[in-house]
Amino acid sequence: MGSLLEVIALHPADAEAAQEGGADRLELCASMEADGLSPSVSTVSAIRRSTDLPLRVMLRLSDSFTTNGAELNRLTAMAQSYLSAGADGFVFGFLTPDNEVDVESVAALASTFANTPWTFHRAIDAVLEQRAAWRALRTLPGLDCVLTAGSSLGVGTGLDDLCKLAKDDPAVAKVMMAGGSLQPEHVPWLYQSGVRRFHVGSSVRQDGSWTKAYVNSRFVRAWRNLLDAQDNRDADA
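Residues numbered from 1 in each chain as written. Predicted model: local features only at pLDDT ≥ 70, side-chain atom pairs only at ≥ 80, totals over all residues. Heavy atoms only, no water.

**Student:** When you look at the pairing of strand S6 (residues 143–148) in this model, what are you seeing that I'm missing?
**Tutor:** A regular strand carries its side chains on alternate faces of the sheet. Most of S6 sits out of view: five of its six residues are buried. Relative to S6, strand S5 (residues 118–120) runs parallel, the two sharing three bridges. For Phe120, the partnering residue across the bridge sits in S6 and is Val146. In terms of handedness, the path from S5 via helix H5 (residues 130–137) over to S6 forms a crossover that is right-handed. Pairing geometry for S6 and strand S7 (residues 176–179), over three bridges, is parallel. The residue of S7 that forms the bridge with Leu147 is Met177. (Buried < 20%, exposed > 50% of the residue type's maximum accessible area, 1.4 Å probe, protein only. Helix = DSSP H or I, 4+ residues; strand = E, 2+ residues; numbered from the N terminus. Pairing = 2+ DSSP bridges. Right-handed = clockwise from strand over helix to strand, strands pointing away.)

**Student:** It is not clear to me how the packing of aromatic side chains should be interpreted in this structure. Could you clarify?
**Tutor:** We describe a pair of aromatic rings using the distance from one ring centre to the other and the angle between the two ring planes. In total, this model carries five aromatic pairs according to the counting rule given. Pairing Phe92 with Phe94 gives two aromatic rings, centres 6.1 Å apart and planes at 40 degrees, and the pair type is tilted. Comparing Phe92 with Phe94, the two get one shared label, buried. Feature note: the residues Tyr82, Phe90, Phe92, Phe94, Phe113 and Trp118 constitute an aromatic cluster, connected by ring pairs. For the cation-ring pair, Arg196 lies above Tyr191, with the distance from its terminal atom to the ring centre recorded as 3.5 Å. (Phe/Tyr/Trp six-rings, centres within 6.5 Å; stacked < 30°, edge-to-face > 60°. Lys NZ or Arg CZ within 6 Å of the ring centre and 35° of its normal.)

**Student:** It is not clear to me how the environment of Asn225 should be interpreted in this structure. Could you clarify?
**Tutor:** The topology assignment puts Asn225 in helix H9 (residues 217–236). Taking C-alpha positions, Asn225 is 8.7 Å from Gly22, a pair spaced 203 residues apart along the chain.

**Student:** Would you explain the nonpolar core in this entry?
**Tutor:** Grouped burial of nonpolar side chains is what soluble globular proteins tend to show. Ranked by internal contacts, the top residues of the largest apolar core, which has 65 residues, are Val7, Leu26, Phe90, Phe92, Trp118, Phe120 and Leu190. Those residues within four positions of Phe120 in sequence are excluded, and the remaining contacts are Phe92, Gly93, Phe94, Leu95, Val101, Val106, Leu137, Leu143, Cys145, Val146 and Leu147. Core analysis: the second largest hydrophobic core is formed by six residues, Leu10, Cys29, Met32 and Met58 among them. (Core = buried A, V, L, I, M, F, W, Y, C linked by side-chain atoms within 4.5 Å. Contact = heavy atoms within 4.5 Å.)

**Student:** What exactly am I supposed to notice about the pairing of strand S2 (residues 25–28) here?
**Tutor:** Residues Arg25 and Glu27 line one face of S2 and the alternating positions Leu26 and Leu28 line the opposite face, and both faces are buried. Judged from the four bridges that link them, strand S1 (residues 4–9) and S2 form a sheet pairing that is parallel. Bridging from a neighbouring strand, Ala9 pairs with Leu28 of S2. For the handedness criterion, the β-α-β arrangement of S1, helix H1 (residues 12–21) and S2 is classed as right-handed. Pairing analysis gives three bridges linking S2 to strand S3 (residues 55–58), with the strands arranged parallel. Paired with Glu27 across the two strands is Arg56, which belongs to S3.

Written out as structure tokens, the structure reads:
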């Protein structure tokens, strides 16, 4: 399997640059100061018109990883609006107050858009027991990707744990997407462990700024070239 490069897009200009640089997929969100919240439907529509890349839209209304029935009802309605606006999938994830995967809430939301793929986001990095969390994720309908840094502090801190998880279980490696302060020097280690999905955001913006810079297509291209080089080495091995 070739590598997948997912880029965070906040605006149509981000999406255009990401596609020009060779991205495979976009994660659409807003409010990066809160680590990514749901964007407006109009933003999703505008980005859909600007690119033909697959779009996964964030379903998250606050900077908390917990949820409740009223919020789930809002998210269900928002998901349908996003699908009508051109979304291809979603990004979400909830934890219990005890920092375990909230299987009931996640499954309830996922069941409202059956047959639509989705990503469990970095809430996974806040759980107390990683392996138990990964076992719980296997039971969730429609899940085909898990975004993780291996640590709430980022890939630089969680790299060893990510590599071990991926090496120990090919099923985990298959759905794992490494992201969260991901740096180029992390890629070879992750790739050798079986990881083939990579997620970037601030690293493809000038000075890493969410507010002063759009995605830079040259920065995306550098990531694309890095992943392609790994793929080519793997094919030649």
